Every structure is written in structure tokens, then in C-alpha cells.
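The lines below spell out each chain.
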Amino acid sequence: MTRQRLPNRRFNETFEFQHAGVNFTASYGRDDGGKIKELFLSGGKAGSVIEAMMSDASTSISIALQSGVKPHELAHSMVRNPDGQPASPLGVVLDDMVMG
């Protein structure tokens, strides 16, 4: 798969959510067709391990999306709690991408 280059100026939407008592901020970047192709996710205290993990994970998800992987494929592979809810903030964001 070839990675899709995104336009320099693109639509972006940002929202905040809480997972397991931690506040997170997610931003989606979209291509010209309106599909989500970029994720920025931050949470935890500045300089913390969780903040670095969210940054690295969102970069990996962005590369996957730009390479043609569908959000539902990524969401399906996330760990779930026994009640079916996402076990991580990444799962929350990917479910949001799928559910819109």
C-alpha cells in the first residue's frame, strides 16, 4: 500500500473525552473527500509516559489510515472490556471514527 499524502490545509475537528478518569483530547484530520486520515491524541500530564504513548499510537494509526486501513478494521482489533466497551482511549477514538 502507498501512503496517501494529505493536503497542507485540511479540515480538522477536535473533541475532548474522559477515559478511566484521565482527560484526553483527540483531533481528526480529513482528506479532500472527508475521510479521516490523521489522528492526534493527547492525554495525561505533559511529559508523562501516557502522553508519549498516545502520541506514538496516534502516529501509528495515522500512518495506517493513510495507507488504506479502514477505521473499522483498527477498531475491531482493539482490546475490549467484558461489556464490549473499549479498554483504552485508542479504542474510544476508533469507535468514534466508525460510529461518526
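Here the structure is a predicted model, which means the values were calculated and not measured.

Q: What am I meant to see in the overall build of the protein here?
A: Summing up its helical and strand segments, the protein has 3 helices and 3 strands in all. Starting at the N terminus and ending at the C terminus, the protein contains elements arranged as β-β-β-α-α-α. Taking 2.2 N^0.38 as the reference for a compact globule, 100 residues should give roughly 13 Å; the C-alpha atoms of the protein span a radius of gyration of 13 Å, in line with that estimate. Here the protein holds 100 residues, and 35% of them are scored as buried. With 10 positive and 11 negative side-chain charges, the protein shows a spacing of 7 Å between the two charge centroids.

Q: So what exactly am I meant to see when it comes to the pairing of strand 1 (residues 12-19) here?
A: Sheet topology note: the strand 1/strand 2 (residues 22-30) ladder contains 8 bridges and is antiparallel. Of the residues in strand 2, the one forming a bridge with E16 is T25. Taking the residues between adjacent antiparallel strands as the criterion, strand 1 and strand 2 are bridged by 2 residues, where A20 takes a positive phi near 55°.

Q: Before we go on, may I ask you to explain the UniProt feature "domain: TSCPD" (unreviewed entry) in the protein in this structure?
A: Here the UniProt-annotated "domain: TSCPD" (unreviewed entry) positions come out as residues 16-79. Each end of residues 16-79 is marked by a C-alpha atom, and these two atoms are 21 Å apart; helix forms 38% of the span and strand 33%.

Q: Any chance you could explain the side chain of S62 here in plain terms?
A: Looking at the secondary structure, you find S62 in helix 1 (residues 49-66). One polar contact links the side chain of S62 to the main-chain amide nitrogen of L39, over a distance of 2.7 Å. Those residues in contact with S62 that sit more than four places away from it in its chain are K37, E38 and L39.

Q: Any chance you could explain the pairing of strand 3 (residues 36-43) here in plain terms?
A: The side chains of a regular strand alternate, residue by residue, between the two faces of the sheet. Across the 8 residues that make up strand 3, a large majority, 6, are buried. Note that strand 2 and strand 3 share 7 bridges and pair antiparallel. By the bridge assignment for strand 3, A26 is matched with L41. Counted along the chain from strand 2 to the antiparallel partner strand 3, the turn is 5 residues long, and its residue G34 has a positive phi close to 90°.

Thresholds, definitions, all that
Residues numbered from 1 in each chain as written. Predicted model: local features only at pLDDT ≥ 70, side-chain atom pairs only at ≥ 80, totals over all residues. Heavy atoms only, no water. Helix = DSSP H or I, 4+ residues; strand = E, 2+ residues; numbered from the N terminus. Rg over C-alpha atoms; globule rule 2.2 N^0.38 Å. Buried < 20%, exposed > 50% of the residue type's maximum accessible area, 1.4 Å probe, protein only. Lys, Arg positive; Asp, Glu negative; His and termini not counted. Charge placed at Lys NZ, Arg CZ, Asp CG, Glu CD. Pairing = 2+ DSSP bridges. UniProt positions renumbered as here; feature names shortened; annotations may be inferred. Polar contact = N/O pair within 3.5 Å; in protein donor to acceptor, adjacent residues only side chain to side chain. Contact = heavy atoms within 4.5 Å.

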